[in-house]
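# Breakdown of the fold
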Amino acid sequence: MTENKPFCISKWAVQAAWESVRANQGAAGVDGVSVAEFEQKLKNNLYRIWNRMSSGSYMPPPVKRVLIPKADGRQRPLGIPTVGDRVAQMVVKRYLEPQVEPLFHRDSYGYRPGKSALDAVGMCRLRCWRYDWVVDLDIRGFFDNIDHALMLHAVRKHTDCPWVLLYIARWLAAPAEAEDGTQIARTRGTPQGGVISPLLANIFLHHVLDEWLSRVYPGCPFERYADDVVIHCRSQTQALAVQAAVEQRLRQCRLDAHPEKTRIVYCRDSNRRQDHEHIQFDFLGYSFRPRGAKSRTGALFCGFIPALSTKASQAIVAEVRQWGLHRRSDRALEELARMYNSKIRGWLNYYGRYYPSALHPTFRHLNRRLVRWAQAKYKRFRDHPGRAWHWLRRVARSRPALFAHWSFGIAP
């Protein structure tokens, strides 16, 4: 019953939030409690969350700060809430999201039901054929620099629910906890890794960018996935004006465009041959640049086309290297396929949507790793890599569906 509680929050809402958190899994927070351990005392844990949220006494614990290496050598901080706090955040998300989702711009793709990163890449691909210029916008440290007052102001445009506003304010202010236990106060930003953070980011950028761009530059369509933004322009003059206006708009909202990563790009192809400093950009793991292509009639031409980016390729190769296949000689080839096919298939499904031939060099590296595994497992191949290659090719011909990339046409 909730009659004596200041906030009317249903126990069923907490139960449904838990089911979403359990389905998503995820790491433990600062309390070290995993999803499985939380479930061992599920009834008591969910009752405690409901009771405290309904009474207004729920205080979010610190988020666990984890540093993730970036491709440029720097580190990206992630904030991992406790399992219980993820349940509480999911209660608010499930309440607020149905109210704001219908209002979001059609070209906002990040963390939205029924939309995906590949949808954004596909639309960007079409518009790069129709528009000659792109503003490749990079918002510097977006998740770390969102102004809390402006964030709450944006949320209030969509709800006046007291408990939603109360707990969002508390989550924004919750400290982070470093590996050594030191607590880091936060006066700006919303931690990447939180359940509520992607929704808050979409609400904020809906007002800061999406609505503003549509109103001020209706002839310049865009794709936005969280804080990754591509804006299309008809001319270089228009692109320069849009870039300057967007940078000013971000400053007004206490954010900055990254001065080195934000750039104007010319979509060069067979019909657009103007010289320009920048003729490529990366968006959601795809690199857009001039590439050789073949028309439906078989004619060769140069198109401005997306394909697997160098950064994404390097990340795949690095992860495959971490698998240490050559050290798994105790495993059968079939076991390795079962262990890694879901990951391989995920890469192929995402990066193979556009210009799939770009995947071949990357996944040939995986074939080389399998050859090293064969050399470690079978003595007859140890000093004879050529024989190991010949053996692996025979396996691939006889069982092309064994590894996902073989059935994709990237056999050894």
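In case you missed it, the structure is sitting above this.
Please read all numbers here as calculations on a predicted model, not as lab measurements.

Definitions and limits used
- Residues numbered from 1 in each chain as written.
- Predicted model: local features only at pLDDT ≥ 70, side-chain atom pairs only at ≥ 80, totals over all residues.
- Heavy atoms only, no water.
- Pairing = 2+ DSSP bridges.
- Helix = DSSP H or I, 4+ residues; strand = E, 2+ residues; numbered from the N terminus.
- Buried < 20%, exposed > 50% of the residue type's maximum accessible area, 1.4 Å probe, protein only.
- Contact = heavy atoms within 4.5 Å.
- Axes fitted to C-alpha atoms, helices over the stretch in contact; angles between N-to-C directions.
- Expected span 1.5 Å × (residues − 1).
- Bend = angle between axes of the 7 residues up to and from the residue.
- Disulfide = S-S within 2.5 Å.
- Arc of directions from axis to C-beta.
- Polar contact = N/O pair within 3.5 Å; in protein donor to acceptor, adjacent residues only side chain to side chain.
- Patch = residues over 30% accessible without salt bridge, like charges linked within 9 Å, V, L, I, M, F, W, Y side chains within 5 Å.
- Areas by Shrake-Rupley, 256 points an atom, 1.4 Å probe, with all protein chains shown as cover.
- Salt bridge = Lys/Arg side-chain N within 4 Å of Asp/Glu carboxyl O.
- Lys, Arg positive; Asp, Glu negative; His and termini not counted.
- Charge placed at Lys NZ, Arg CZ, Asp CG, Glu CD.
- Parallel < 35°, antiparallel > 145°, perpendicular 65-115°, else oblique.
- Left-handed = near helix turned anticlockwise from the far one by under 90°.
- Nonpolar A, V, L, I, M, F, W, Y, C, P; charged D, E, K, R; others polar.

### Digging into the sheet that holds strand β1 (residues 63-69)
If you trace the four strands from one edge of the open sheet to the other, you get β2-β1-β4-β5, paired in mixed fashion. Two strands lie at the open edges of the sheet, namely β2 (75-80) and β5 (183-184), each paired on one side alone. Across two bridges, β1 lies against strand β4 (residues 176-177) in parallel orientation. Counted as the bridge partner of Val 63 is Ala 176 from β4.

### Observations regarding the environment of Pro 62
With respect to the helices and strands, the residue Pro 62 is situated in the loop between α3 (42-55) and β1. Residue Pro 62 is classed as buried on the basis of its relative accessible area of 16%. Separated by 31 residues in sequence, Pro 62 and Asp 31 have C-alpha atoms that sit 9.4 Å apart. The contact partners of Pro 62, leaving out residues within four places of it in the chain, are Val 30, Pro 175, Ala 176, Glu 177 and Gln 183.

### Points about the sheet that holds strand β10 (residues 286-294)
Reading across the sheet, the three strands line up as β9-β10-β11 and stay open at both edges, with antiparallel pairing between neighbours. Every interior strand has two partners, whereas the edge strands, β9 (281-283) and β11 (300-308), have only one. Looking at each pair of strands side by side, their axes are set apart by 50° on average, direction ignored. Alignment of β9 against β10, held across three bridges, turns out to be antiparallel. If you follow Phe 281 over to β10, its bridge partner there is Phe 288.

### Some points on helix α4 (residues 83-100)
Spanning 18 residues, α4 covers 25 Å between terminal C-alpha atoms, matching the ideal 26 Å at 1.5 Å per step. Roughly 25° is the biggest bend found in α4, and it falls at Arg 94, with proline Pro 98 one to four residues downstream. Among the 18 residues in α4, 13 count as buried, and that is most of the element.

### Considerations on the state of the cysteines
A covalent bond bridging the sulfur atoms of two cysteines is what the word disulfide describes. Inspection of every chain in the model, using the stated rule, returns zero disulfides. Here Cys 220 is not disulfide-linked; the sulfur of Cys 233 is the nearest cysteine sulfur, at 4.1 Å. No disulfide involves Cys 302; its nearest neighbouring cysteine sulfur is the one of Cys 267, lying 12 Å away.

### Quick notes on helix α7 (residues 148-156)
Where α7 is concerned, the buried positions are His 148, Met 151, Leu 152, Ala 154 and Val 155. Along the long axis of α7, the arc covered by the buried residues comes to 155°, so they all point the same way. Those residues of α7 that are exposed and angled more than 90 degrees off the buried face are Ala 149 and Arg 156. Packing partners of the buried residues in α7 comprise α4, α8 (162-173) and α9 (197-216). N-capping of α7 is provided by Asp 147, with a side-chain oxygen placed 3.1 Å from the backbone N of Ala 149.

### Here's the deal with a positive patch on the surface
Residues Arg 380, Arg 393, Arg 394 and Arg 397 make up a contiguous surface patch of positive charge. Inspection of the secondary structure assignment puts Arg 394 in helix α14 (residues 385-398).

### With respect to the environment of Ser 313
On the secondary structure map, Ser 313 appears in helix α11 (residues 310-323). Sequence-wise, Ser 313 and Pro 361 are 48 residues apart; in three dimensions their C-alpha atoms are separated by 8.9 Å. With near-sequence residues (within four places) excluded, Ser 313 lies in contact with Leu 308 and Thr 362. Here the side chain of Ser 313 touches Thr 362 through a polar contact of 2.7 Å, side chain to side chain.

### Let's talk about the side chain of His 148
Note on placement: His 148 falls in helix α7. Apart from the residues within four sequence positions on either side, His 148 is in contact with Leu 172, Ala 173, Arg 186, Thr 187, Arg 188 and Gly 189.

### Examining the pairing of strand β6 (residues 222-225)
Taking every second residue as pointing to the same face, both faces of β6 are buried, with Phe 222 and Arg 224 on one and Glu 223 and Tyr 225 on the other. By the bridge criterion, four bridges tie β6 to strand β7 (residues 228-233) in an arrangement that is antiparallel. The residue of β7 that forms the bridge with Arg 224 is Val 229. Adjacent in sequence and paired antiparallel, β6 and β7 are bridged by two residues, among which Ala 226 carries a positive phi angle near 55°.

### Looking at the packing of helix α13 (residues 360-377) against α14
Look at α13 against α14: their axes get within 9 Å of each other, and the N-to-C directions meet at 110°. In this view, α13 runs roughly perpendicular relative to α14, as classed from their interaxial angle. As for how α13 packs across α14, the hand of that crossing is right-handed. Residues Asn 367, Arg 368, Leu 370, Val 371, Trp 373, Ala 374 and Gln 375 of α13 lie in contact with α14, whose contacting residues are Pro 385, Ala 388, Trp 389, Trp 391 and Leu 392. Of the residues that constitute the contact of α13 with α14, the class distribution is nine nonpolar, two polar and one charged.

Read these as spatial facts, not as claims about activity.
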